[in-house]
Amino acid sequence: MTVADRFNLAAWLVDRHLEEDRGEHVAVLAGDRTYRYVDVADAVNRAANGLLACGVRREERVLLVMNDEPALVAFLLGALRLGAVPVPTSTMLTPAETAAIGADAGCRVVVVSAAYAGHLPALRAAVDGLFATIVADDGPDGSPAPDTAAAGATYRWSELDDRTARSEEHTSELQSR
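Reading the values: rules and limits
- Residues numbered from 1 in each chain as written.
- Predicted model: local features only at pLDDT ≥ 70, side-chain atom pairs only at ≥ 80, totals over all residues.
- Heavy atoms only, no water.
- Helix = DSSP H or I, 4+ residues; strand = E, 2+ residues; numbered from the N terminus.
- Expected span 1.5 Å × (residues − 1).
- Buried < 20%, exposed > 50% of the residue type's maximum accessible area, 1.4 Å probe, protein only.
- pLDDT = per-residue confidence, 0-100.
- Contact = heavy atoms within 4.5 Å.
- Core = buried A, V, L, I, M, F, W, Y, C linked by side-chain atoms within 4.5 Å.
- Axes fitted to C-alpha atoms, helices over the stretch in contact; angles between N-to-C directions.
- Parallel < 35°, antiparallel > 145°, perpendicular 65-115°, else oblique.
- Nonpolar A, V, L, I, M, F, W, Y, C, P; charged D, E, K, R; others polar.
- Pairing = 2+ DSSP bridges.
- Right-handed = clockwise from strand over helix to strand, strands pointing away.

1. Description of helix α4 (residues 70-82)
It helps to recall that an α-helix has 3.6 residues per turn; residues three or four apart then point in one direction.
Then, number 1: The end-to-end C-alpha separation of α4 is 18 Å, in line with the 18 Å expected for 13 residues at 1.5 Å each.
Then, number 2: Residues of α4 that are buried: A71, L72, A74, F75, L77, G78, A79, R81 and L82.
Then, number 3: Residue G83 follows α4 closely and has a positive phi angle near 90°.

2. Concerning the confidence of the model for the chain
Then, number 1: For the chain, the mean per-residue pLDDT works out to 84, and 79% of the residues sit at or above 70.
Then, number 2: Confidence over residues 165-177 falls short of pLDDT 50; this stretch has 19 contacts with residues more than four positions distant or in other chains.

3. Re the nonpolar core
Then, number 1: L51, V62, M66, F75, V111 and I134 are the most contacted members of the largest nonpolar core, which has 25 residues in total.
Then, number 2: If we ignore the near neighbours within four places in the chain, the residues touching L51 are V56, V62, F75, G78, A79, L82, V109, V111 and I134.

4. A closer look at the environment of T34
Then, number 1: Topologically, T34 is positioned in strand β2 (residues 33-36).
Then, number 2: Put simply, T34 and P70 are 36 residues apart on the chain and 10.0 Å apart in space, counted from C-alpha to C-alpha.
Then, number 3: Every residue in contact with T34, bar those within four places of it in the chain, is listed here: V26, V28, L29 and D39.

5. Things to note about the packing of helix α2 (residues 9-19) against α4
Then, number 1: Two elements in contact, α2 and α4, have axes whose closest approach is 8 Å; the angle formed by their N-to-C orientations is 120°. When the axis of α2 is compared with that of α4, the two are oblique. Contacts from L9, A10, L13, V14 and D15 of α2 reach α4 at L77, L80 and R81.
Then, number 2: Within the contact of α2 with α4, the residues separate by chemical class into 6 nonpolar, no polar and 2 charged.

6. Considering the pairing of strand β5 (residues 107-112)
Then, number 1: For β5, the buried fraction is high: 5 of the 6 residues fall into the buried class.
Then, number 2: Of the pairings in the sheet, the one linking strand β3 (residues 61-65) to β5 comprises 5 bridges and is parallel in character. If you follow L64 over to β5, its bridge partner there is V111.
Then, number 3: Strand direction decides the pairing type here: β5 and strand β6 (residues 132-135), joined by 4 bridges, are parallel. What sits directly across from V109, in β6, is A132.
Then, number 4: Once the chain exits β5 it traverses helix α6 (residues 120-126) before rejoining the sheet at β6, and the crossover so formed is right-handed.

7. A closer look at the pairing of strand β1 (residues 26-30)
Then, number 1: Relative to β2, β1 runs antiparallel, the two being bridged by 4 bridges. Pairing of V26 across the sheet is with R36, part of β2.
Then, number 2: Hairpin connection, β1 to β2: the antiparallel pair is bridged by 2 residues, and G31 has positive phi, about 60°.

Structure representation (structure tokens):
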């Protein structure tokens, strides 16, 4: 038995607070919004189920090109919950620099904030084996995320919610990990 079989950082950072009746306590402050542990747990499970729906498996790399926002927490911990390896990058990098990191790490999925959807074509061109991308939110001004259809198999987080809500398989597989 390895440490990975016994310890999950997402469970330690989130689930234990629920188990110890601290679900209503503040977990994340983001601007003028407050997220309780129950909110974070829900977002982490949604992100993990979305990654699972995209085919992410244990030990696979997930590139994160995201603003410092609650969705980053959700996808970072969601990847860890699955046993995948999150690869967070600086949003100050150029698309080519981000693509080089994604290629070097062997990322299979990339999650971007809508503001960085412009990185997707460079990532698709540079990263062998990249099979899905997720746009985690709407545009920075609340507008819909840019059209990324040309970048390949791209989903919005809300679309993945719809896909996973229809499938009990994803939830049962996630809970068995």
